[in-house]
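Chain and residue survey
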Protein chains: 2
Amino acid sequence: MKKQNCIVAQSGGPTAAINASLAGVIDAALKSNSFHTVYGSINGIQGVLQHKIISLNETFENNPDAIHTLMTSPAMYLGSCRYKLPDFKSNPTQYEFIFETFRQMDIHSFFYIGGNDSMDTVDKLSQYAKSIDYDICIIGIPKTIDNDLMETDHTPGFGSAAKFVATSMLEIAHDTYIFDIESVTIVEIMGRDAGWLTASAALARNSYNHAPDLIYLPEHDFSTFQFVNDLNTLLKANKNVIVAVSEGVHDEQGNYICSTQAAADKFGHAQLSGTGKTLEHLVKSTIGCKVRSIELNVLQRSAMHISSLTDITEAFQLGSEAVKAAEMGLTSIMLTLNRENNHPYTISIGNVPVSEVANAAKSVPIEWINESGNDVTEEMIEYLLPLIEGEPHIRFKNGIPDYLSIKHLI
Amino acid sequence: MKKQNCIVAQSGGPTAAINASLAGVIDAALKSNSFHTVYGSINGIQGVLQHKIISLNETFENNPDAIHTLMTSPAMYLGSCRYKLPDFKSNPTQYEFIFETFRQMDIHSFFYIGGNDSMDTVDKLSQYAKSIDYDICIIGIPKTIDNDLMETDHTPGFGSAAKFVATSMLEIAHDTYIFDIESVTIVEIMGRDAGWLTASAALARNSYNHAPDLIYLPEHDFSTFQFVNDLNTLLKANKNVIVAVSEGVHDEQGNYICSTQAAADKFGHAQLSGTGKTLEHLVKSTIGCKVRSIELNVLQRSAMHISSLTDITEAFQLGSEAVKAAEMGLTSIMLTLNRENNHPYTISIGNVPVSEVANAAKSVPIEWINESGNDVTEEMIEYLLPLIEGEPHIRFKNGIPDYLSIKHLI
């Protein structure tokens, strides 16, 4: 087989594991005999449109240390974008530019690491390539802390975010129980439409800690009346009540509970914040006890220092497998993680046509939420537990993690 | 010397290191020949007033594993209180009760781990004991994430909080730089009157990361006009500007910048929140670029999983030294950490009369803040750096830290 070049890019919101997938792609591509140069596009597909393309060979070839450091560095080494390609039938200009660039650079494999919006890009590029008969393998590698991609058991990035959420919930519980006064603590967790990450707060429970006492996911309609009722019931037996709530909870009519006016991003998703604060004010005005809300904010997707070894390892494997898939000539696919067994936990890597994944979202099954809509079931815990297992080795320098330089993005 | 009993308690806000000092006290007291029973008072001095006193011998005697786990567990194993003792001259009832309890339980050493409000309790109890000629050694062991205790180079708990702040700031920087759009990110850090913890965000800077680009401490008057000016200047050269701001920044007249009405706690301190949000709205309305505020909230004082080994080790040593001080008959003192050398970093443990510490606070020296009031100097970095060095071994179970059970508090 004649050696060609390949390109890799990252897109969407960051996770602790998305660089591990990048490391997997770079490592496998540099070691294979199929590729001369492994290019990286800066800021996702935008980098191709703006000629911001770098060679990754110099930094990573014969440099296992750099590969390892990349694997354990948060967010995106290549930067990201939130860019929706237009329909190519009505608007082909950008596609023509992209594929002319690929042709000039002898690029015949494209790896795109991202969530469901990024799979929309993979799908559109695949369709366009087919329409012009350009020989290219386009492979989607999943990632998202939201865990809401279809056709895969779970998504890289989710396990690390879940480990941060569960660890923080346990530490917040230790922080809360020390005072001998009645209190309500509300922890707001990311997840616009899917409650997977909020559900993972349940992993903080252990032999002594029952927090979170209440868990509210966006898959179940939220009633402020029922919420206050739930709190009052629990406060009869417990001094402190700790709540995990998804940023995206909404009432029966679909109105978000958060107070701030929701602005829409480029994909038409509402941008939320303030659910915790809104509920804090509600508790203050109805129950009147000590109340605090805590928004985990971007820490939950960027806290590499408390990432899951399972997650990072799987993300790396997906990167390597993507290169193998391209070498086998597969295209228009997204790789998937299939759970083979839960005790012991084992997975296999498969793939699905990317068109089955793009622009769709996987919600928490309603039967994994309890009847009252304020907790998750044992099936959910069984599903979540293996995903947060293990701690990767993070190197420190001057007291802080020694991550890979992202000077080229700054 | 006749064997007697001793009692230990914790008070004030939690830190990641306050249990390490407790572990130091328990370990040294159980190993010494001076004490039969090591008692713990639940919820600080309130536990003595409410007869909530437990023996610590059963759990910790000949159990180095429990001592180690206590050392690496966040917040307070014995619970806390925010309780101000009345003046004993006008209101001796509680003092009479406390010392009658001590007499009945043969308690002649009292170790109190806390911040400056807790040292007020140590001071008052010491004075009362002297007035009734009760033979007791009362020793204060410092802790506070605020690092604002007088007469000690730094306080246990601060280094761990500073390590969390610096690590989170670096991870927030990685999260921020990935998008190719102009943005302002505001990180709100604890510190009502003292800016030490906010200053420690500067430790996130490394060979590639210049964030935080701006640092605002409460020791320097804050001008919203100057703030917007600072941002506009930086945005000319930088795509992303990241700000570290203390919750307690205030204008020339002393008015806090935060929007929420400040309620006062029992010691008369204003309870703040919302500085980051207030500045976020200001940036939105004046500059109009993408802006996000992140409140590190209680995570910065409870995140044991990213604590500083230097901090945890020193906290343990202070606990051990407190027992030695009591055995030597010292009383009415607070132990102190004295920095002997910075390269290599070495400390010694000393002590001061507790009356010199109680109800006073140590601010950041104004000469460690730059002239524009928007950064810290190299002296500050030199001071801070050794305090966040090293990572203790945290044991994990089921993917989350395996901390010591606090069932007795729940």
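Residues numbered from 1 in each chain as written. Chains lettered and ligands numbered in written order. Predicted model: local features only at pLDDT ≥ 70, side-chain atom pairs only at ≥ 80, totals over all residues. Heavy atoms only, no water.

Next up on the list: the sheet that holds strand 12 (residues 333-342) of chain A. Residues and elements named next belong to chain A. The strand order across the open sheet built from 7 strands is 3-2-1-4-5-12-13, with neighbouring strands paired in mixed fashion. With partners counted over all chains shown, the strands left at the sheet margins are strand 3 (53-55) and strand 13 (345-353), one partner each. Averaged over all adjacent pairs, the angle separating strand axes in this sheet is 30 degrees, with direction ignored. Here strand 2 (residues 35-41) pairs with strand 3 via 3 bridges, running antiparallel. Bridge assignment links Tyr39 to a residue of strand 3, and that residue is Ser55. (Pairing = 2+ DSSP bridges. Helix = DSSP H or I, 4+ residues; strand = E, 2+ residues; numbered from the N terminus. Axes fitted to C-alpha atoms, helices over the stretch in contact; angles between N-to-C directions.)

Moving on: the packing of aromatic side chains. A complete count under the given rule lists 30 aromatic pairs over all chains for this structure. On the numbers, 5.7 Å between centres and 45 degrees between planes, the contact of Phe102 of chain B with Phe110 of chain B is tilted. Exposure class is identical for Phe102 of chain B and Phe110 of chain B. Each is buried. One aromatic cluster is present, built from ring pairs that chain together Phe88, Tyr95, Phe99, Phe102, Phe110, Tyr112, Tyr128 and Tyr134 of chain A. (Phe/Tyr/Trp six-rings, centres within 6.5 Å; stacked < 30°, edge-to-face > 60°. Buried < 20%, exposed > 50% of the residue type's maximum accessible area, 1.4 Å probe, protein only.)

For these two chains of identical sequence, chain A goes onto chain B by a turn of 180 degrees and a shift of 0.0 Å along the axis, with RMSD 0.0 Å. Classification of the inter-copy transformation places it as that of a two-fold axis. Looking at the interface residues of chain A, 100% of them are also at the interface in chain B, so both copies use one shared face. (Least-squares fit on C-alpha atoms with pLDDT ≥ 70 in both. Contact = heavy atoms within 4.5 Å.)

In this assembly, 65 residues from chain A lie in contact with 65 residues from chain B. Summed over both sides, the interface between chain A and chain B buries roughly 5500 Å², with carbon and sulfur atoms accounting for 63% of that surface. A per-residue breakdown of the area chain A buries against chain B is headed by Glu171, Ile178 and Tyr208 of chain A, which together make up 13% of the total. At the surface where chain A touches chain B, the tally comes to 4 salt bridges. For the salt bridge of Asp175 of chain B with Arg301 of chain A, the shortest nitrogen-to-oxygen distance reads 2.7 Å. Mapped by element, the contributors of at least two residues to the side of chain A that touches chain B are helix 7 (158-177), strand 11 (290-295), helix 11 (299-302) and strand 15 (400-401) of chain A. The element contributing the most residues to the side of chain A that touches chain B is helix 7 of chain A, with 11 residues. Residues of the side of chain A that touches chain B, tallied by class, amount to 32 nonpolar, 19 polar and 14 charged. (Buried area = accessible area lost by both parts, 1.4 Å probe. Salt bridge = Lys/Arg side-chain N within 4 Å of Asp/Glu carboxyl O. Nonpolar A, V, L, I, M, F, W, Y, C, P; charged D, E, K, R; others polar.)

A few words now on the pairing of strand 1 (residues 4-10) of chain B. Residue and element names in this part refer to chain B. Taking burial as the measure, the 7 residues of strand 1 include 7 buried ones, the bulk of the element. Side chains of strand 1 alternate between two faces, with Gln4, Cys6, Val8 and Gln10 and Asn5, Ile7 and Ala9 buried alike. Bridging between strand 1 and strand 2 (residues 35-41) involves 4 bridges; their strand directions are parallel. Counted as the bridge partner of Ile7 is Tyr39 from strand 2. After leaving strand 1, the chain enters helix 1 (residues 18-31) and then returns to the sheet as strand 2, a path that is right-handed. (Right-handed = clockwise from strand over helix to strand, strands pointing away.)

Pairing between the strands of a sheet comes from backbone hydrogen bonds, and it takes one of two forms, parallel or antiparallel. All names here are of chain B. The strand order 3-2-1-4-5-12-13 describes an open sheet built from 7 strands, whose pairing is mixed. Each having just a single partner strand, strand 3 (53-55) and strand 13 (345-353) make up the two edges of the open sheet. Ignoring which end each strand starts from, the neighbouring axes of this sheet average 30 degrees apart.

A few words now on empty space enclosed by the protein. All chains considered together, the criterion is met by 2 cavities of 30 Å³ or more. In this structure, the largest cavity occupies an estimated 130 Å³ of space. Counting only elements with at least two residues in the lining of the largest cavity, the list comes to helix 7, strand 6 (183-189) and strand 11 of chain A. Ranked by residues supplied to the lining of the largest cavity, first place goes to strand 11 of chain A with 4 residues. Looking at the lining of the largest cavity residue by residue, the class counts come to 7 nonpolar, 4 polar and 4 charged. Forming the boundary of the second largest cavity are 13 residues, of which Asp175, Thr176, Thr185, Lys290 and Arg292 of chain B lie nearest the centre. Mapped onto the lining of the second largest cavity, the elements with two or more residues apiece are helix 7 (158-177), strand 6 (183-189) and strand 11 (290-295) of chain B. (1 Å grid on protein atoms, 1.4 Å probe; cavity = no way out; pocket = protein on both sides within 12 Å on 5 of 7 lines; lining within 4 Å. Points joined across faces, edges and corners; volume = space filled by probe spheres on them.)

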